[in-house]
Amino acid sequence: MTSMSLRTQIAQALGKRVTIRLRDSDGGLRDVVGVLQSETELVNRRGEIITFDPDTAVAFRVIPVFNRRDISSGSLSMYDTMSRTLKEISGRDGAVRIYCCGPTVYRDAHVGNLRTFLLSDLVSRTLQMTGLEVTLVQNITDVGHMVDDFTGDDKMLAESAKTKVDPFEIARIFETRFHTDLARLNIQGADSYPRASEKMAQMISSIERLIELKHAYVGTDGSVYFDATSFPSYGALSGNKLEALKPGHRYEFTDEGGKRFHADWALWKLAGARTQMIWDSPWGAGFPGWHIECSAMSIELLDGHVDLHIGGIDLRFPHHENERAQSNSLTGDETVDSWVHGEHLLFEGRKMSKSAGNVVLLQDIIDRGLDPLSLRFALLENRYRSQMDLSWASLEAAHSTLKRWRQLLADAGDGTAVKFDQELSDAFTTDLDTPRAMQRIRAIEKDISIGALDKRALFLFADQVLGLDLDRGVEKKEITPELQALLDARITARAEKNWHMSDSLRDQLADAGLEIKDGPGGQSWSWK
């Protein structure tokens, strides 16, 4: 879509609540969300006027207004990792504050990472459906995240050493790709994407306060550590008790001999021999530990309280357990109301890893000729807190169903009416049961007692949460003379019962992007 067409859409949406993805001068992407006042200004939820250049817009979306009067259930309940029960998600003054752990931008986000980011989008859309406003913050980790084998190297610096590219340049490259993938998956933009590297002052201030409150100390090596024994309820989130964490518990850095207790963790590490990605601090030049960034940023950007914290199950311990200890110590209260975790994603029966050679990116799906939203579709077929096994077969099936549903809506006209469905609403608001919602949509599709216009309106209601862009329509592509010749040749081959030739021509057509079907009326085709 060209910038001119986006500018036209923006001009036609004055007075509406929108999200606009903009490209900054440094090549990075950012999202602005609010009510459009003019073609260059919007007002965000805090009443601030945000000025933007519409010619830098790369994506634009009107946020749908949901009619709360239609909703009888009216509230979203999610499984809270802390209490191990379903818990209603509520905020204050009609708004819910969400913090979602974002990417570490030293590589592309794979489909497993994207599953977690989709979870925050589905939660946000469902809360909007129930009539609540959402403030979403998602951090960008561009410093402080250690490599998986805990050898003491920052992930950004390890990638920089391997590629001979400046670490901040690497971060901006993969941050841009991250935002591109979010747009491809129709994931609504967050209200803020704070970068860890740009929040040093807040992290240092938080560490100073933790020392003042006797929750942290300067170790014998000059680095600063959180005192795990100072937080009595440590382990409540993950079930890992301090007394059960043996001295063999792995350090996040190989040189953590300066701490008092083996389960303490670094808040600030002195630079030592490190020369890149270091900052001045009261304790000397160094860099922050991974866990403190989320505490500092969530407290600052969400006014000291998080209604819902979202992340992958792999972050539950130690990251979220440590984050909870830090945040509660800083605020003097339970900072997070509910913790929601998405489960692992397998691909073709195996955990994705570089060593296994089965890491799948969204671009890989696109390169196979599949709609990127086929990934969103396939993920919706599984519960967010159940381990999922994704496959190429499931993605291809999702792609085909997406085409069929878009054709169904296109055949029913271009009406914008949305029809409420209680079963769909209940599925979304009961622990985000998207498989049940998808089953309901399939039942509506097959129900001959429901007219075409009503089906369209029901699909549009569901799509406000599903986000499958079902009203996009079906792409119209002209058949080339060469492909038409192959189609005609296959008709002749079948008439002559030359099945070998018929199959060979089908394969050639499939390679060219055509899907062939044979039925009582003869041969038919469609674009894949």
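Let us look at the structure shown here. (Residues numbered from 1 in each chain as written. Predicted model: local features only at pLDDT ≥ 70, side-chain atom pairs only at ≥ 80, totals over all residues. Heavy atoms only, no water.)

Looking now at the pairing of strand β2 (residues 29–36). Counting buried positions along β2 gives six out of eight residues, so the element sits mostly inside the fold. Alignment of strand β1 (residues 17–23) against β2, held across seven bridges, turns out to be antiparallel. Of the residues in β2, the one forming a bridge with valine 18 is glycine 34. The turn joining β1 and β2, which pair antiparallel and follow one another in sequence, is formed by five residues; a positive phi near 95 degrees is taken by glycine 27. In this sheet, strand β3 (residues 41–43) lies alongside β2 in antiparallel orientation, the contact comprising two bridges. Residue pairing in the sheet places leucine 36 in a bridge with leucine 42 of β3. Hairpin connection, β2 to β3: the antiparallel pair is bridged by four residues. (Buried < 20%, exposed > 50% of the residue type's maximum accessible area, 1.4 Å probe, protein only. Helix = DSSP H or I, 4+ residues; strand = E, 2+ residues; numbered from the N terminus. Pairing = 2+ DSSP bridges.)

Take the sheet that holds strand β18 (residues 388–390) next. Spatial strand order, β17-β16-β18: three strands in an open sheet with mixed pairing. Edge positions in the sheet fall to β17 (350–351) and β18, since each of these pairs with one other strand and no more. The sheet contact formed by strand β16 (residues 345–347) and β18 spans three bridges and is parallel. Bridging across to β18, phenylalanine 347 finds its partner in leucine 390.

For the rest of this paragraph, the subject is the pairing of strand β8 (residues 95–100). Here β8 lies mainly inside the structure; six of its six residues are buried. Judged by which residues are buried, β8 turns out to be covered on both faces: Ala95, Arg97 and Tyr99 on one side and Val96, Ile98 and Cys100 on the other are all buried. Where β8 meets strand β9 (residues 133–138), six bridges bridge the pair, whose relative direction is parallel. From the neighbouring strand, arginine 97 faces β9, where its bridge partner is threonine 135. Following the backbone out of β8, through helix α2 (residues 111–129) and into the adjacent parallel β9, one traces a crossover that is right-handed. Relative to strand β14 (residues 306–312), β8 is paired through three bridges, and the arrangement is parallel. Counted as the bridge partner of cysteine 100 is isoleucine 310 from β14. (Right-handed = clockwise from strand over helix to strand, strands pointing away.)

Below, the discussion takes up unusual backbone geometry. Cis peptide bonds are those with omega within 30 degrees of zero, and the linkage from phenylalanine 317 to proline 318 qualifies with 5 degrees. For proline 318, the location among the structural elements is in helix α7 (residues 316–331). Here asparagine 186, not a glycine, exhibits a phi torsion of approximately 60 degrees, which is positive. The residue asparagine 186 is located in the loop between α4 (167–184) and α5 (200–212) in this model. Unusually for a residue other than glycine, lysine 214 sits at a positive phi of about 70 degrees. With respect to the element layout, lysine 214 can be found in the loop between α5 and β10 (216–218).

With that out of the way, let us pick up the packing of aromatic side chains. One pass over the structure, following the stated rule, counts ten aromatic pairs. With centroids separated by 5.3 Å and ring planes inclined at 80 degrees, the aromatic side chains of phenylalanine 117 and phenylalanine 178 adopt a geometry described as edge-to-face. Of this pair, phenylalanine 117 sits in helix α2 while phenylalanine 178 is found in helix α4, placing the two residues 61 residues apart along the sequence. Look at tryptophan 405 and phenylalanine 459: their rings are 5.4 Å apart centre to centre, the planes differ by 85 degrees, and that puts the pair in the edge-to-face class. Taken together, the positions of tryptophan 405 in helix α10 (residues 392–411) and phenylalanine 459 in helix α13 (residues 452–466) put the pair 54 residues apart, joining distant regions of the chain. Just as tryptophan 405 is buried, phenylalanine 459 falls in that class too. One aromatic cluster is present, built from ring pairs that chain together Phe117, Phe178 and Tyr193. For the cation-ring pair, arginine 260 lies above tyrosine 217, with the distance from its terminal atom to the ring centre recorded as 3.9 Å. (Phe/Tyr/Trp six-rings, centres within 6.5 Å; stacked < 30°, edge-to-face > 60°. Lys NZ or Arg CZ within 6 Å of the ring centre and 35° of its normal.)

The next thing to look at is the state of the cysteines. Within the structure shown, the criterion is met by zero disulfides. For the unlinked cysteine cysteine 100, the closest cysteine sulfur is that of cysteine 101, found at 6.7 Å. We classify cysteine 100 as buried; its relative accessible area is 0%. Unpaired in terms of disulfides, cysteine 101 finds its nearest cysteine sulfur in cysteine 294, a separation of 4.1 Å. The exposure class assigned to cysteine 101 is buried, which follows from its relative accessible area of 5%. (Disulfide = S-S within 2.5 Å.)

Position of serine 281 relative to the elements: it lies in the loop between β12 (265–270) and β13 (286–288). Residue classification places serine 281 among the buried positions, given a relative accessible area of 16%. A distance of 3.1 Å separates polar atoms of two side chains, one belonging to serine 281 and the other to tryptophan 268. There is a polar contact of 2.6 Å between the side chain of serine 281 and the backbone oxygen of glycine 284. (Polar contact = N/O pair within 3.5 Å; in protein donor to acceptor, adjacent residues only side chain to side chain.)

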